[in-house]
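# Coordinate analysis (summary)
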Amino acid sequence: MAVNSSNINATDLDFDAIADNIKTYLKGQDKFKDYDFEGSTMSVLIDTLAYATHISGVNTNIAASELFLDSAQIRKNVVSRAKDLGFVPATEQASSSLVNIEFKNILNPDGTTPTTTEMIINRGHRFNTVFDGVTYEYVVEKSVTPTESAGDFLYSDVNLVQGTYVTDSYVFDTQVKNPKFVLSNERVDRARINVSVTSNGITETYKLSTDVSSILATSKVYYTQENEEGFLELYFGDGVLGKGLKDGDVIDVTYIVVDENHADGAKIFSLVENVNGFSSATITTQSISSGGAEKESIESIKFKATKFYTSQNRLVTLNDYKAKVKEYYPNADAVAVWGGEDNNPPEYGKVFVSLKPQNSDYLSDTEKADVQRKLNELNMITVRPVIVDPTLVKIIISTVFKYNDGETTLSKGELEAVVRNAIIKFDDDNLSNFDAIFRHSNLVKAIDESEDSILSNTTNIRLARKHTIKPNFKEGFKVNFGNALYNPHSGHNADSGGITTSTGFYVEGNTTDIQFFDDDGKGNIRRYTLVSGVRSVIDLEAGTIDYASGEISIDAISIASTVNSDTSIEFTLIPAGNDVVALRGSLVDIDVSRISVTGEVDTISSGESSAGVGYTSTSSTSY
Amino acid sequence: MADYIKPNSKVNTVKDIYSDLDMFLVPHPVTGDISTKKDSDAIKRSIRNIVLTNKFERPFKPNFGGGVTNMLFELDSTRKVKRFQKEMVNMIERLEPRVYNVSVRLNPLTDDNRLDVQIFYSIRNGKSGQSAEFTVTRVR
């Protein structure tokens with residue numbers, strides 16, 4: 001069988017392409033001609049050969065891809081590659097809430113007061129909450145002893161963690177080489193594992209090893225890693241890097257199994273189990289439930305592992321901080337870091353870190369302190385990290401869209417819901433980062449494309465930002481929007497308050513008149529009150545507004561209280577352009593609760609209006 | 001003297017149009033090479049391959065094959081036999097473009113636990129009235 005064509009292309013992976021290559025190769029001979037007929041014996045041989053080549057090619061390709069962090073697709077391989085770089089992916093994290101619990105006038109049936117030891121709430125004690133109509137179980141993270149005063153028992157700062165409390169026990173056996181103890185549940189919060197080892201009747205607590213440089217031969221530490229099935233496994237020191245275990249030592253691991261749905265936002269808790277037979281607890285929530293997060297995704301591991309390797313567990317550059325903050329707080333939606341020298345005014349020797357959690361706008365004080373404490377351990381002596389709340393510039397959207405009612409079966413209300421969802425999706429997809437830009441035309445396009453019957457839309461935006469005041473404290477403050485503001489000419493709209501509106505507040509010494517801020521179009525902020533619906537200006541120069549930089553500066557004033565329950569004043573302004581950028585440490589975000597959507601039947605396309613007579617369009621400046 | 005006429009050096013021989021390996025891979029008794037099947041024999045062997053291959057046997061070709069061996073384990077009813085005959089004809093006509101006018105006769109011999117298969121066909125641009133016959137039996 002002389003074959004003239006010596007070129008057989010062996011690089012394809014697809015079965016059919018390989019078979020075609022073999023057939024092309026066989027065209028170079030005339031001994032066997034039936035390779036093109038499906039039923040021929042040659043075709044059977046070609047198929048077999050192509051199949052073997054295909055399997056071998058795919059295997060080689062997968063094996064080669066999985067060898068590198070960039071191209072690996074299978075989680076266990078990504079985790080393994082990350083391990084080479086010293087990076088440990090985050091596990092699931094349970095949502096948690098800080099509460100105070102109080103039992104009042106507690107008396108035993110015999111009339112005596114129980115002791116505080118009897119009233120201890122043990123780790124794992126169950127509570128629950130109903131959030132969005134679903135009941136979630138919470139457990140106490142650490143045993144708490146109350147303080148007692150005249151029959152009242154108070155438990156301060158009790159950490160309730162969402163999930164189920166589980167204990168796994170193992171016996172250490174030196175016959176087993178390289179022993180690893182796999183936890184029996186997959187969704188485990190690594191930060192909340194308690195490990196104790198009982199050796200010769202003495203029980204000792206072991207801690208999770210985080211920094212190998214501080215571990216001695218006697219350090220009671222354990223190590224964790226994610227195994228190939230995605231379960232967490234524990235292993236112990238070898239007598240050099242951490243204390244080694246002995247035959248027969250009993251290892252007890254207690255941990256929280258994280259729920260599949262995180263109840264972030266839950267704030268009303270109740271007892272499931274009695275405490276020493278008493279159930280009349282008053283539970284006051286200190287911080288609402290937050291911090292629930294899923295296991296680190298493959299993409300996130302790939303991103304962070306390299307950054308982690310670059311930073312080498314030291315915080316020097318801004319990217320080091322970024323990578324580390326994301327590691328310490330995996331639930332972060334967005335992280336911004338900037339040096340104090342970039343602040344206005346500059347604050348040298350500080351690094352500012354601002355992060356926004358996924359399910360709320362701000363970190364709780366406990367979470368902030370926790371992240372800051374961890375950063376302090378790694379940063380340079382001369383630099384202090386400061387966690388600040390992100391300043392949120394809210395974008396208030398008002399959209400009016402025209403639709404052809406002949407092209408849809410949806411009602412006006414349903415179409416409005418479709419558009420609202422398109423705006424929310426746009427927000428989720430585009431505005432979760434600190435360096436994000438709100439691009440007006442993209443939103444307009446997203447609205448137009450949200451449903452086939454939508455023909456056009458007019459979408460107007462306003463910017464809103466809150467400033468929290470200190471009640472009865474005389475001080476000036478600045479509110480920076482970071483974007484130029486609308487001021488087409490000096491004195492624009494001066495009679496109706498320029499472009500500024502604010503929520504109401506009471507000034508110290510005057511608790512009867514609700515006062516507001518507006519501007520005169522000439523760069524002055526005015527303070528006024530409404531008398532029978534008419535503005536009565538109290539202070540013509542209560543502050544200044546810089547239209548070019550977007551900064552409002554209010555002169556010193558003592559505000560007693562605000563109409564907003566969170567002692568804040570919200571300023572709402574009209575931006576000069578439709579695109580909105582985020583200044584350092586600030587986030588732009590569409591205010592989902594204040595999206596206004598109105599649908600109108602397009603009279604031309606539906607045939608009601610001829611030659612445009614009676615057609616109305618929405619003003620691009622109306623709101 | 002008659003002129004010498006140079007014989008034509010080009011000899012026109014009819015080359016085999018179709019040629020294939022023998023599925024049984026039997027060596028030639030003299031040369032020891034694997035024997036080949038040619039022309040009508042090659043087509044006959046091809047039809048036999050199609051009919052005897054079960055579905056899902058060929059990689060990436062799940063619908064390939066007549067699956068006649070599966071027939072051995074079906075109920076012996078006229079409807080079944082007819083359906084199988086029809087399926088086989090369709091399969092051969094689809095996968096073997098060199099033949100036409102295909103008909104299949106299945107003869108289940110239940111007492112002998114076997115199935116006689118007869119396939120009649122004509123070769124395009126070739127001989128008509130061709131047939132292939134074989135018997136399928138249980139292995140155990």
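Below is a short write-up of the structure. (Residues numbered from 1 in each chain as written. Chains lettered and ligands numbered in written order. Predicted model: local features only at pLDDT ≥ 70, side-chain atom pairs only at ≥ 80, totals over all residues. Heavy atoms only, no water.)

In this section: the sheet that holds strand S15 (residues 332–339) of chain A. Sheet strands pair by backbone hydrogen bonding; their relative direction is either parallel or antiparallel. Residues and elements named next belong to chain A. Taken in spatial order, the three strands of this open sheet run S15-S16-S17, and their pairing is mixed. Of all strands in the sheet, those with a lone pairing partner are S15 and strand S17 (384–388), marking the two edges. Across the sheet, the mean angle from the axis of one strand to that of its neighbour is 25°, orientation sign disregarded. Two elements, S15 and strand S16 (residues 350–357), share seven bridges in a ladder whose sense is antiparallel. Paired with Trp 338 across the two strands is Phe 352, which belongs to S16. Across the face of the sheet, helix H5 (residues 318–328) comes into contact with S15, S16 and S17 while running at roughly 155° to S15. Helix H6 (residues 365–376) rests against S16 and S17 of the sheet, and its axis sits at about 160° to S17. (Pairing = 2+ DSSP bridges. Helix = DSSP H or I, 4+ residues; strand = E, 2+ residues; numbered from the N terminus. Axes fitted to C-alpha atoms, helices over the stretch in contact; angles between N-to-C directions. Contact = heavy atoms within 4.5 Å.)

Turning our eyes to something else, we now look at the pairing of strand S27 (residues 551–562) of chain A. Residues and elements named next belong to chain A. The sheet contact formed by strand S21 (residues 474–480) and S27 spans six bridges and is antiparallel. If you follow Lys 474 over to S27, its bridge partner there is Ser 558. Two elements, strand S23 (residues 505–507) and S27, share three bridges in a ladder whose sense is antiparallel. In the strand pairing of S27, Tyr 506 is matched with Ser 561. With antiparallel pairing between neighbouring strands as the criterion, strand S26 (residues 534–546) and S27 make up a hairpin whose turn holds four residues, including Gly 550 at a positive phi of roughly 80°.

A separate point is the nonpolar core. Ranked by size, the top nonpolar core spans 43 residues in total, and within it Ile 395, Ile 423, Phe 438, Ile 552, Phe 571 and Ile 590 of chain A carry the most contacts. When residues of this core are assigned to their parent elements, the largest contribution, five residues, is made by strand S18 (residues 391–403) of chain A. Apart from the residues lying within four places of it in its own chain, the contact partners of Ile 590 of chain A are Ile 395, Ile 397, Ile 423, Phe 426, Asp 427, Leu 431, Phe 438 and Ile 595 of chain A. Counting residues in hydrophobic clusters, the runner-up holds 25 residues, among them Ala 42, Phe 84, Val 99 and Val 117 of chain B. (Core = buried A, V, L, I, M, F, W, Y, C linked by side-chain atoms within 4.5 Å. Buried < 20%, exposed > 50% of the residue type's maximum accessible area, 1.4 Å probe, protein only.)

Our focus in this paragraph is the packing of helix H7 (residues 412–430) of chain A against helix H8 (residues 440–448) of chain A. All names here are of chain A. Running from N to C, H7 and H8 cross one another at 140°; their axes reach a closest spacing of 9 Å. One finds that H7 runs oblique with respect to H8. Handedness of the crossing formed by H7 with H8: right-handed. Residues Val 419, Ala 422, Ile 423 and Phe 426 of H7 form the contact with H8, whose participating residues are Asn 442, Leu 443, Ala 446 and Ile 447. (Parallel < 35°, antiparallel > 145°, perpendicular 65-115°, else oblique. Left-handed = near helix turned anticlockwise from the far one by under 90°.)

Turning to a negative patch on the surface, a few remarks are in order. The grouping of Asp 14, Asp 16, Asp 20 and Asp 36 of chain A at the surface amounts to a negative patch. Considering the arrangement of structural elements, one finds Asp 16 of chain A in helix H1 (residues 15–26). (Patch = residues over 30% accessible without salt bridge, like charges linked within 9 Å, V, L, I, M, F, W, Y side chains within 5 Å. Areas by Shrake-Rupley, 256 points an atom, 1.4 Å probe, with all protein chains shown as cover. Salt bridge = Lys/Arg side-chain N within 4 Å of Asp/Glu carboxyl O. Lys, Arg positive; Asp, Glu negative; His and termini not counted. Charge placed at Lys NZ, Arg CZ, Asp CG, Glu CD.)

Listed as interface residues are 18 residues of chain A and, on the opposing side, 24 residues of chain B. In total, about 1800 Å² of surface goes out of reach between chain A and chain B, with carbon and sulfur atoms giving 57% of it. It is Phe 37, Glu 38 and Thr 41 of chain A that lose the most area in chain A upon contact with chain B, and together they represent 30% of the buried surface on that side. Put simply, chain A and chain B have four salt bridges between them. Here Asp 47 of chain A makes a salt bridge to Arg 58 of chain B, at a shortest N to O gap of 2.8 Å. (Buried area = accessible area lost by both parts, 1.4 Å probe.)

Looking now at the packing of aromatic side chains. All names here are of chain A. Tallying each qualifying case throughout the model produces 17 aromatic pairs over all chains. Taking 6.0 Å as the distance between ring centres and 65° as the angle between the ring planes, the aromatic pair formed by Phe 181 and Phe 236 counts as edge-to-face. Linking Phe 181 in strand S7 (residues 181–182) with Phe 236 in strand S11 (residues 232–236), this pair joins segments that are 55 residues apart in sequence. Residue classification places Phe 181 among the buried residues on the basis of a relative accessible area of 8%. Note on Phe 236: relative accessible area 10%, which makes it buried. Among the aromatic side chains, those forming a connected cluster through ring pairs are Tyr 170, Phe 172, Phe 181, Tyr 206 and Phe 236. (Phe/Tyr/Trp six-rings, centres within 6.5 Å; stacked < 30°, edge-to-face > 60°.)

With that settled, the discussion passes to a nonpolar patch on the surface. Among the surface-exposed residues, Tyr 51 and Ile 55 of chain A together with Phe 60 of chain B lie close enough to one another that they form a single nonpolar patch of about 280 Å² accessible area. Here Tyr 51 of chain A shows up in helix H2 (residues 41–66). Given a relative accessible area of 38%, Tyr 51 of chain A falls into the partly exposed group.

On to the environment of Ile 119 of chain B, then. Residues and elements named next belong to chain B. Mapped onto the fold, Ile 119 is located in strand S4 (residues 114–123). Its relative accessible area of 0% is what places Ile 119 among the buried residues. With 30 residues separating them in the primary sequence, Ile 119 and Val 89 have C-alpha atoms 8.8 Å apart. Those residues within four positions of Ile 119 in sequence are excluded, and the remaining contacts are Ile 47, Val 51, Ile 92, Val 102, Ser 103, Val 104, Gln 130, Ser 131, Ala 132 and Phe 134.

The next subject is the pattern of salt bridges. Following the criterion strictly, the structure yields 37 salt bridges over all chains and no others. Here the salt bridges do not stand alone but share partners, grouping Glu 38 and Asp 47 of chain A together with Arg 58 and Lys 61 of chain B into one network.

Here we take up helix H3 (residues 78–95) of chain B. Residues and elements named next belong to chain B. Under the 1.5 Å per step criterion, the end-to-end length of H3 is 26 Å for 18 residues, consistent within 8% with the ideal 26 Å. The set of residues buried in H3 consists of Val 81, Phe 84, Gln 85, Met 88, Val 89, Met 91, Ile 92 and Leu 95. The buried residues of H3 occupy an angular sector of 165° when projected down its axis, which confines them to one face. In this structure, H3 carries Arg 79, Lys 82, Lys 86 and Arg 94 as exposed residues pointing more than 90 degrees from its buried face. Residues of H3 that are buried make contact with helix H1 (39–52), helix H2 (68–71), strand S3 (99–109) and S4. (Expected span 1.5 Å × (residues − 1). Arc of directions from axis to C-beta.)

Residue and element names in this part refer to chain A. As paired strands, strand S8 (residues 194–199) and strand S9 (residues 202–208) are joined by five bridges and run antiparallel to one another. Across the sheet, Val 195 pairs through a bridge with Tyr 206, a residue of S9. Following S8, the chain reverses through two residues before pairing antiparallel with S9; Asn 200 in that reversal takes a positive phi of roughly 50°. Note: S9 against strand S10 (residues 221–226), two bridges, orientation parallel. For Lys 207, the partnering residue across the bridge sits in S10 and is Val 221.

Okay, the side chain of Gln 29 of chain A next. All names here are of chain A. Position of Gln 29 among the secondary structure elements: in the loop between H1 and H2. On the basis of relative accessibility, which here comes to 6%, the residue Gln 29 falls in the buried class. Reaching out from Gln 29, the side chain makes a polar contact with the backbone oxygen of Leu 26 at a distance of 3.0 Å. A polar contact of 2.6 Å, which involves the side chain of Gln 29, links it to the backbone oxygen of Phe 32. (Polar contact = N/O pair within 3.5 Å; in protein donor to acceptor, adjacent residues only side chain to side chain.)

Attention now goes to the packing of helix H3 (residues 75–84) of chain A against helix H4 (residues 298–311) of chain A. All names here are of chain A. Where H3 meets H4, the axes come as close as 10 Å, and the angle between the chain directions of the two elements is 15°. Between H3 and H4, the angle is such that the two are roughly parallel. When the axes of H3 and H4 are compared, the crossing they make is left-handed. On H4, the residues that touch Arg 75, Val 78, Val 79 and Ala 82 of H3 are Ile 298, Ile 301, Lys 302 and Ala 305.

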